[in-house]
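# Remarks on the overall topology
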Amino acid sequence: MTALFEHSLWVEERADARPSSGDRHVDLMAVMYAASPDEQLALIRAHPELAGKAAIDRTLTDASSAEQASAGLDRLTPQEFDQFHVLNGAYRDKFGFPFIICVRLTDKAGILAAMERRLANERDAEIETALEQIGEIVRLRLEDLK
């Protein structure tokens, strides 16, 4: 098994225990969406904040570290770092989980704009968006394995 989901091997384990559709991503997404709301929240909360403590402490998973670096989050100016810190805090305070975005499909400016825009959303919409973004992250990680 690979670490397609951040600290959440249960998704892959459940997919492996079910009949395969022949499309690994479809099978994994079916498990993720069939999970209980508490399990989905735990999956979202298993993700690190962007440019957050785990990045500074260098405790990100290898995949997350490479993904954040691809968006330039390992090369923030002090002003950008402060912006991420403030937005991460506001987002976590409002929704109770970290901001999730597939950083490989955007850049620093796009991430910051999305954080600001998505702060206006309702919690249920953000849970759905976070799960969709996790799906994109997993899709790209699966492509990397080919």
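Residues numbered from 1 in each chain as written. Predicted model: local features only at pLDDT ≥ 70, side-chain atom pairs only at ≥ 80, totals over all residues. Heavy atoms only, no water.

## Quick notes on the pattern of salt bridges
Should the charged atoms of two oppositely charged side chains come close, the side chains can pair. Convention followed: Definition used for salt bridges: Asp or Glu carboxyl oxygen within 4 Å of a side-chain nitrogen of Lys or Arg. Numbering goes from the N terminus for both helices and strands, where a helix is a DSSP run of H or I of at least four residues and a strand is a run of E of at least two. Each residue is assigned to one of three classes by its accessible area relative to the maximum for its type, calculated with a 1.4 Å probe on protein chains only: buried under 20%, partly exposed between the two thresholds, exposed over 50%.
The tally for this structure, following the rule as stated, stands at ten salt bridges. The salt bridge involving Glu136 is made with Arg139; its shortest N-O contact spans 2.6 Å. Of this pair, Glu136 and Arg139 are both found in helix α8 (residues 123-145), three residues apart, which corresponds to roughly one turn of the helix. Given the relative accessible area of 26%, Arg139 is considered partly exposed. What you see here is one network of salt bridges that share partners, running through Glu12, Asp16 and Arg24.

## Concerning the nonpolar core
Test applied: Residue types Ala, Val, Leu, Ile, Met, Phe, Trp, Tyr and Cys, when buried and joined through side-chain atoms within 4.5 Å, form a set referred to as a nonpolar core. Two residues form a contact once any of their heavy atoms are found within 4.5 Å.
Counting residues in hydrophobic clusters, the biggest one holds 39 residues, and the most contacted among them are Phe5, Leu28, Ile111 and Ile134. If you list the elements that add at least two residues to this core, you get α1 (10-16), α2 (24-34), α3 (37-45), α6 (78-95), α7 (108-118) and α8. It is α8 that contributes the most residues to this core, eight residues altogether. Residues within four places of Leu28 in sequence aside, it is in contact with Leu4, Phe5, Val11, Glu12, Ala15, Val138 and Leu142.

## Details of α3
Residues three or four positions apart in an α-helix share a direction because the helix packs 3.6 residues into each turn. Which entries qualify depends on this criterion: Directions from the helix axis toward the C-beta atoms define the arc.
Of all the residues in α3, the buried ones are Gln40, Leu41, Leu43 and Ile44. Down the axis, α3 shows its buried residues gathered within 155° of arc, on one side only. Against the buried residues of α3 lie α1, α2 and α8.

## Notes on the environment of Glu12
Relative to the helices and strands, Glu12 is located in helix α1. You can call Glu12 buried: its relative accessible area is 1%. Spatially, the C-alpha atom of Glu12 lies 8.2 Å from that of Val31, the residues being 19 residues apart in sequence.

## Here we look at α7
Of all the residues in α7, the buried ones are Ile111, Leu112, Ala114, Met115 and Arg118. Here the buried residues of α7 occupy an arc of 160° about the axis, which is enough to place them on one side. In α7, the exposed positions that point more than 90 degrees away from the buried face belong to Ala109 and Arg117. Summarising the contacts, the buried residues of α7 are in contact with α6 and α8.

## Regarding the environment of Glu126
Relative to the assigned elements, Glu126 resides in helix α8. Accessibility expressed as a relative area gives 0% for Glu126, which makes it buried. For Glu126 and Phe99, which are 27 residues apart along the polypeptide, the C-alpha to C-alpha distance reads 8.7 Å. In contact with Glu126, other than residues within four places in its own chain, are Tyr91, Phe95, Phe97, Arg118 and Asn121.

## Thoughts on unusual backbone geometry
The backbone of His7 sits at a positive phi, close to 45°, despite the residue not being glycine. Here His7 shows up in the segment before α1. We classify His7 as exposed; its relative accessible area is 63%.

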